[in-house]
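# Observations on chain architecture
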Amino acid sequence: MTDTTAPVTTPAENGAALLDDIEAHHRRFNVFPSEAAYVAVVLWGAHTHLMDAFEATPRLAFLSPEPGSGKTRALEIIETLAPRPMTTVDISPSALFRSVSAEASRPTILFDEIDTVFGAAASGNEELRGLINAGYRRTGGIFRSVRDGENHVVQKFPVYAALALAGLGDLPDTIMSRSIVIRMRRRAPNERVEAFRQRIHEAEGHALRDRLAAWADSVREQIDGAWPEMPDGVTDRPADVWEPLLAVADTAGGQWPARARAACLDLVNAAKANDKGSVGIRLLADLRTVFDSAERLTSVTVIERLTAMDDAPWADLDGRPLNTRALSRMLGEYVTAANQPIRPRNIKIGTAVAKGYYAGDLADAWLRYCPPIPADTATNATSATAQVRALFPVAAEVAVAATDTHPDTAEQAPTSAAPASLTTTG
């Protein structure tokens, strides 16, 4: 006899098919710059339903050089898919803090026109930036002094929350390093999309959101604590950023694990290519170019060569060209292999003596802070290799390992210390 009172269980939804449907929904209303962008946006939206399963939540940044590039539309679509969306174009640090500190009702923050907060004309907003950065990790929080009877005690408030941003230009470096960056652009004449009408299409997005929430509940235990395998070369902060998205893709299955890792490599490499670094790192990298194979250069020559570089900020640094005093101050923040500040030293030129810099003093900073020399500059790299080996033997082999065109024939690094001084003539 059949038991008609037994509960009827609904099979768990196919995760891969659900993500396919969400991707199709995005494609109806927006043109993203790459296939990797579609994959990242879909997986990011899914991860917002599984926040407590992850140690960190990557920021999703839609950035473009010009308005009218689809950034706001992207946030509007995400708004229909994410749990408890909170859309804003202007919010104070205290309001954001109070919004995200209640874990039971934690919203998904969608922050449009972020360039008005952190752009060139903005005042910096350090408190808001600190709050955004603290909310990146589940263990992050903001400390506040609160009254406890007659006393005040320091209490930690959680601020962990998913955040998508949209704006013109770039964001502060600390936010960019925590973000998956989608470089938006205006649609070409042959790129057509449906017009998004909230009163019509919002309900369609909500239906997908509800399906996504149900699927997330069904896989929460499976995904909690997962350690997805990272693509080769993705480590440190980029690995932290992509870990939640790869975990979602692995759980969904189908083509999503492979697509997710391809997208990860694509967008991580794009971020590296667009990373201009700090002003100090840019200075070190440009100095490596300026020195080429030279053993030493006077400060005047260094300034002349730096300010003559077309694609560099040195001719107009905060409204004035870089000078020898500013150069000395900036380089003094870095140290030589002997852990001494990089300073200008005397350089003998004929019978005259001028202040300048030695490649040997800069070699350790080049090693630690500058990216490898590209393969298309192998000739310069080879000549620089000989100079660095001669001037700075302790770190030479390591310093040039990434640029040596024949690493298998590299000579054995000696163990003597770097010379304390270099006597030059001519």
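Just so it is clear, the structure is predicted and the values come from calculations on it, not from any experiment.

## With respect to the overall build of the protein chain
What the protein chain contains, in helices and strands, is 16 helices and 10 strands. Expressed as a percentage of the 426 residues in the protein chain, the buried residues total 44%. Once local pairs closer than 6 in sequence are excluded, the contacts in the protein chain between residues at least 24 apart make up 67%. Put simply, the protein chain shows about 22,300 Å² of open surface, and 51% of that area lies on carbon and sulfur atoms.

## A word on the packing of aromatic side chains
A complete count under the given rule lists five aromatic pairs for this structure. Taking the centre distance of 5.8 Å and the plane angle of 70 degrees together, the rings of phenylalanine 291 and tryptophan 366 count as edge-to-face. Of this pair, phenylalanine 291 sits in helix α11 (residues 279-291) while tryptophan 366 sits in helix α14 (residues 359-369), and the two are 75 residues apart along the sequence. On the basis of relative accessibility, which here comes to 2%, the residue phenylalanine 291 falls in the buried class.

## Thoughts on the sheet that holds strand β2 (residues 85-88)
Spatial strand order, β2-β3-β6-β1-β7: five strands in an open sheet with parallel pairing. The sheet is open, and its two borders are formed by β2 and β7 (179-183), each paired with just one other strand. Each strand axis lies, on average, 15 degrees off the axis of its neighbour in the sheet, ignoring direction. When strand β1 (residues 59-64) meets β7, the two strands line up parallel, connected through five bridges.

## Thoughts on the sheet that holds strand β9 (residues 345-349)
Taken together, three strands build an open sheet; the order of strands is β8-β10-β9 and the sheet is antiparallel. Each edge of the open sheet is held by one strand with a lone partner, namely β8 (296-298) and β9. Across this sheet, the average inter-strand angle for adjacent strands is 55 degrees, counted without regard to direction. Where β9 and strand β10 (residues 352-358) come together, five bridges link them in antiparallel fashion. Within β10, the position partnered with isoleucine 349 by the bridge is alanine 352. Against the sheet, α14 makes contact with β9 and β10, and its axis sits at roughly 15 degrees relative to β10, the strand it touches most.

## Digging into the pairing of strand β5 (residues 151-158)
As paired elements, strand β4 (residues 141-148) and β5 share eight bridges and run antiparallel to each other. Counterpart to valine 146 in the pairing with β5 is valine 153. In this antiparallel pair of consecutive strands, β4 and β5, the connection spans two residues, and glycine 149 shows a positive phi of 70 degrees.

## Observations concerning the nonpolar core
Judged by nonpolar contacts, the single largest core of 63 residues is most densely connected at Leu43, Leu60, Phe62, Ile180, Ile182 and Trp242. Among the elements that line this core, the one with the most residues is helix α2 (residues 35-47), at 10 residues. Residues Val290, Leu297, Leu327 and Leu331 belong to the second largest nonpolar core, which totals 26 residues.

## Let's talk about the side chain of arginine 106
Locating arginine 106 in the fold gives a position in the loop between α4 (93-100) and β3 (108-111). In contact with arginine 106, not counting residues within four places along its chain, are Met51, Asp52, Arg84, Val100, Tyr160 and Ala161.

## Concerning the packing of α2 against helix α10 (residues 256-274)
Here α2 crosses α10 at 115 degrees, and the two axes come no closer than 9 Å. When the axis of α2 is compared with that of α10, the two are roughly perpendicular. Here α2 runs over α10; the crossing is left-handed. Packed against α2, whose contacting residues are Glu35, Ala36, Val39, Ala40, Val42 and Leu43, the element α10 presents Trp256, Arg259, Ala260, Ala263, Asp266 and Leu267 at the interface. Split by residue class, the contact of α2 with α10 holds nine nonpolar, no polar and three charged.

## Considering the side chain of histidine 25
Tracing the sequence through the fold places histidine 25 in helix α1 (residues 15-29). The class for histidine 25 is buried, based on a relative accessible area of 4%. Among residues more than four places away in sequence, those in contact with histidine 25 are Ile77, Thr80, Leu81, His201, Glu204, Gly205 and Leu208.

## Overview of the confidence of the model for the protein chain
Residue-level pLDDT values for the protein chain average 83, and 83% of them are 70 or greater. Helix α16 (residues 393-399) is the least confidently modelled element of the protein chain, averaging 40 in pLDDT, while α2 averages 97, the highest of any element. Across residues 6-10 the pLDDT falls below 50, and counting only partners more than four positions away or on other chains, this stretch makes zero contacts in the model. Note that residues 378-426 has pLDDT below 50 and, in this model, 69 contacts with residues that lie over four places away or in other chains.

## A closer look at unusual backbone geometry
Despite not being glycine, aspartate 236 has its phi angle at roughly 55 degrees, a positive value. Following the sequence through the fold, aspartate 236 ends up in helix α9 (residues 236-252). Of note, the phi angle at aspartate 292 is positive, near 50 degrees, even though the residue is not glycine. Inspection of the secondary structure puts aspartate 292 in the loop between α11 and β8.

Here is what the cut-offs are and how they apply
Residues numbered from 1 in each chain as written. Predicted model: local features only at pLDDT ≥ 70, side-chain atom pairs only at ≥ 80, totals over all residues. Heavy atoms only, no water. Helix = DSSP H or I, 4+ residues; strand = E, 2+ residues; numbered from the N terminus. Buried < 20%, exposed > 50% of the residue type's maximum accessible area, 1.4 Å probe, protein only. Contact = heavy atoms within 4.5 Å. Areas by Shrake-Rupley, 256 points an atom, 1.4 Å probe, with all protein chains shown as cover. Phe/Tyr/Trp six-rings, centres within 6.5 Å; stacked < 30°, edge-to-face > 60°. Pairing = 2+ DSSP bridges. Axes fitted to C-alpha atoms, helices over the stretch in contact; angles between N-to-C directions. Core = buried A, V, L, I, M, F, W, Y, C linked by side-chain atoms within 4.5 Å. Parallel < 35°, antiparallel > 145°, perpendicular 65-115°, else oblique. Left-handed = near helix turned anticlockwise from the far one by under 90°. Nonpolar A, V, L, I, M, F, W, Y, C, P; charged D, E, K, R; others polar. pLDDT = per-residue confidence, 0-100.

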